[in-house]
Amino acid sequence: MRIIGTFIIIGIIVGSISTIDYKKFIDLPSLLLVIGGSLGYVLAKGKSNKFVKNFGDGAVYMGWVGLMIGLIMIGNHHVNTENMWPSFSITFLPIFYGYFIKLVTTGLEKINYE
(Lines give C-alpha, C1' and ligand atoms only; values in the text may rest on other atoms or scores of the structure.)
Protein backbone atom coordinates (compact mmCIF):
# COMPACT_ATOMS: atom_id res chain seq x y z
CA MET A 1 0.00 0.00 0.00
CA ARG A 2 2.91 2.35 0.69
CA ILE A 3 4.15 2.13 -2.89
CA ILE A 4 0.67 2.83 -4.25
CA GLY A 5 0.29 5.82 -1.92
CA THR A 6 3.69 7.13 -2.96
CA PHE A 7 2.81 6.84 -6.64
CA ILE A 8 -0.49 8.64 -6.02
CA ILE A 9 1.35 11.51 -4.30
CA ILE A 10 3.90 11.78 -7.09
CA GLY A 11 1.17 11.56 -9.74
CA ILE A 12 -0.93 14.30 -8.18
CA ILE A 13 2.02 16.67 -7.81
CA VAL A 14 3.44 15.99 -11.28
CA GLY A 15 -0.04 16.23 -12.77
CA SER A 16 -0.64 19.58 -11.11
CA ILE A 17 2.69 20.92 -12.30
CA SER A 18 2.19 19.69 -15.85
CA THR A 19 -1.10 21.60 -16.23
CA ILE A 20 0.76 24.90 -15.85
CA ASP A 21 4.17 26.10 -16.97
CA TYR A 22 6.41 23.38 -15.55
CA LYS A 23 9.55 25.43 -16.23
CA LYS A 24 8.67 27.63 -13.25
CA PHE A 25 9.26 24.63 -10.99
CA ILE A 26 12.81 23.97 -12.19
CA ASP A 27 15.72 25.67 -10.46
CA LEU A 28 18.94 23.69 -10.44
CA PRO A 29 20.72 25.62 -7.65
CA SER A 30 17.73 25.12 -5.33
CA LEU A 31 17.53 21.43 -6.14
CA LEU A 32 21.26 20.94 -5.62
CA LEU A 33 21.08 22.76 -2.29
CA VAL A 34 18.32 20.46 -1.06
CA ILE A 35 19.81 17.20 -2.37
CA GLY A 36 23.39 18.02 -1.36
CA GLY A 37 22.32 19.24 2.05
CA SER A 38 20.23 16.10 2.54
CA LEU A 39 23.20 13.90 1.77
CA GLY A 40 25.29 15.93 4.21
CA TYR A 41 22.59 15.53 6.84
CA VAL A 42 22.54 11.76 6.33
CA LEU A 43 26.32 11.60 6.73
CA ALA A 44 26.19 13.85 9.80
CA LYS A 45 23.57 11.63 11.46
CA GLY A 46 25.74 8.57 10.84
CA LYS A 47 22.89 6.06 11.03
CA SER A 48 23.08 4.18 7.77
CA ASN A 49 20.15 1.92 8.67
CA LYS A 50 17.83 4.97 8.55
CA PHE A 51 19.20 6.48 5.33
CA VAL A 52 15.81 7.08 3.66
CA LYS A 53 14.21 8.68 6.74
CA ASN A 54 17.23 10.88 7.41
CA PHE A 55 17.43 11.90 3.75
CA GLY A 56 13.79 13.04 3.85
CA ASP A 57 14.30 14.91 7.11
CA GLY A 58 17.42 16.58 5.73
CA ALA A 59 15.52 17.62 2.60
CA VAL A 60 12.95 19.49 4.68
CA TYR A 61 15.62 21.19 6.78
CA MET A 62 17.60 22.21 3.72
CA GLY A 63 14.42 23.48 2.06
CA TRP A 64 13.93 25.91 4.93
CA VAL A 65 17.60 26.90 4.83
CA GLY A 66 17.19 27.54 1.09
CA LEU A 67 14.21 29.79 1.78
CA MET A 68 16.22 31.82 4.28
CA ILE A 69 19.13 32.12 1.85
CA GLY A 70 16.74 33.26 -0.89
CA LEU A 71 15.07 35.86 1.30
CA ILE A 72 18.42 37.22 2.39
CA MET A 73 19.53 37.44 -1.23
CA ILE A 74 16.35 39.30 -2.19
CA GLY A 75 16.86 41.68 0.72
CA ASN A 76 20.47 42.37 -0.23
CA HIS A 77 19.63 43.24 -3.83
CA HIS A 78 17.59 46.20 -4.83
CA VAL A 79 14.68 44.34 -6.37
CA ASN A 80 12.05 46.45 -8.03
CA THR A 81 8.42 45.44 -7.80
CA GLU A 82 8.51 44.09 -11.35
CA ASN A 83 11.10 41.45 -10.43
CA MET A 84 9.94 40.83 -6.88
CA TRP A 85 7.31 38.12 -7.46
CA PRO A 86 9.44 35.94 -9.75
CA SER A 87 12.22 36.22 -7.14
CA PHE A 88 9.83 35.13 -4.39
CA SER A 89 8.64 32.15 -6.40
CA ILE A 90 12.21 30.95 -6.87
CA THR A 91 12.85 31.54 -3.17
CA PHE A 92 10.09 29.09 -2.24
CA LEU A 93 11.29 26.30 -4.54
CA PRO A 94 13.70 24.74 -2.01
CA ILE A 95 10.80 24.23 0.41
CA PHE A 96 8.77 22.65 -2.37
CA TYR A 97 11.65 20.32 -3.26
CA GLY A 98 12.29 19.47 0.38
CA TYR A 99 8.71 18.53 1.18
CA PHE A 100 8.28 16.65 -2.09
CA ILE A 101 11.34 14.56 -1.28
CA LYS A 102 10.07 14.06 2.28
CA LEU A 103 6.70 12.80 1.00
CA VAL A 104 8.40 10.33 -1.33
CA THR A 105 10.84 9.11 1.33
CA THR A 106 8.02 8.69 3.84
CA GLY A 107 6.39 6.25 1.46
CA LEU A 108 9.67 4.42 0.95
CA GLU A 109 10.81 4.37 4.60
CA LYS A 110 9.44 1.04 5.71
CA ILE A 111 10.42 -0.68 2.48
CA ASN A 112 14.05 0.07 3.33
CA TYR A 113 13.78 -1.64 6.74
CA GLU A 114 11.61 -4.67 5.92
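Residues numbered from 1 in each chain as written. Predicted model: local features only at pLDDT ≥ 70, side-chain atom pairs only at ≥ 80, totals over all residues. Heavy atoms only, no water.

J.: Got a minute to help me understand a positive patch on the surface in this structure?
T.: On the surface, Arg 2, Lys 45, Lys 47, Lys 50 and Lys 110 cluster together into a positively charged patch. Examined against the element boundaries, Lys 45 turns out to sit in helix H2 (residues 28–45). (Patch = residues over 30% accessible without salt bridge, like charges linked within 9 Å, V, L, I, M, F, W, Y side chains within 5 Å. Areas by Shrake-Rupley, 256 points an atom, 1.4 Å probe, with all protein chains shown as cover. Salt bridge = Lys/Arg side-chain N within 4 Å of Asp/Glu carboxyl O. Lys, Arg positive; Asp, Glu negative; His and termini not counted. Charge placed at Lys NZ, Arg CZ, Asp CG, Glu CD. Helix = DSSP H or I, 4+ residues; strand = E, 2+ residues; numbered from the N terminus.)

J.: Any chance you could explain the packing of helix H3 (residues 51–76) against helix H4 (residues 81–91) here in plain terms?
T.: For any two helices packed against each other, one specifies the crossing angle of their axes together with the interaxial distance. Running from amino to carboxyl end, H3 crosses H4 at an angle of 160 degrees, the nearest separation of the two axes being 9 Å. Classified by the angle between their axes, H3 and H4 sit roughly antiparallel to one another. Every pair of crossing elements has a handedness; the one defined by H3 and H4 is right-handed. From H3, Gly 66, Leu 67, Gly 70, Leu 71 and Ile 74 reach across to H4, where they touch Ser 87, Phe 88 and Thr 91. Split by residue class, the contact of H3 with H4 holds four nonpolar, four polar and no charged. (Axes fitted to C-alpha atoms, helices over the stretch in contact; angles between N-to-C directions. Parallel < 35°, antiparallel > 145°, perpendicular 65-115°, else oblique. Left-handed = near helix turned anticlockwise from the far one by under 90°. Contact = heavy atoms within 4.5 Å. Nonpolar A, V, L, I, M, F, W, Y, C, P; charged D, E, K, R; others polar.)

J.: For this particular structure, what's the right way to read the pattern of salt bridges?
T.: Pairs can form between side chains of opposite charge whenever their charged atoms are close. A complete count under the given rule lists two salt bridges for this structure. For Asp 57, the salt bridge goes to Lys 53, with nearest N and O atoms at 2.8 Å. Residue Asp 57 and its partner Lys 53 are both found in helix H3; the two are separated by four residues, about one turn of the helix. On the basis of relative accessibility, which here comes to 13%, the residue Asp 57 falls in the buried class. For Lys 53, a relative accessible area of 29% corresponds to the partly exposed category. (Buried < 20%, exposed > 50% of the residue type's maximum accessible area, 1.4 Å probe, protein only.)

J.: What is the right way to look at the nonpolar core in this model?
T.: The nonpolar side chains of soluble globular proteins are, as a tendency, buried together. Core analysis: the largest hydrophobic core is formed by seven residues, namely Val 34, Val 42, Phe 55, Ala 59, Leu 93, Tyr 97 and Ile 101. Elements supplying a minimum of two residues to this core: H2, H3 and helix H5 (93–113). Per-element accounting of this core gives the leading share, three residues, to H5. Not counting residues within four places of it along the chain, the set of residues in contact with Phe 55 comprises Ile 35, Ser 38, Leu 39, Val 42, Ile 101 and Thr 105. (Core = buried A, V, L, I, M, F, W, Y, C linked by side-chain atoms within 4.5 Å.)

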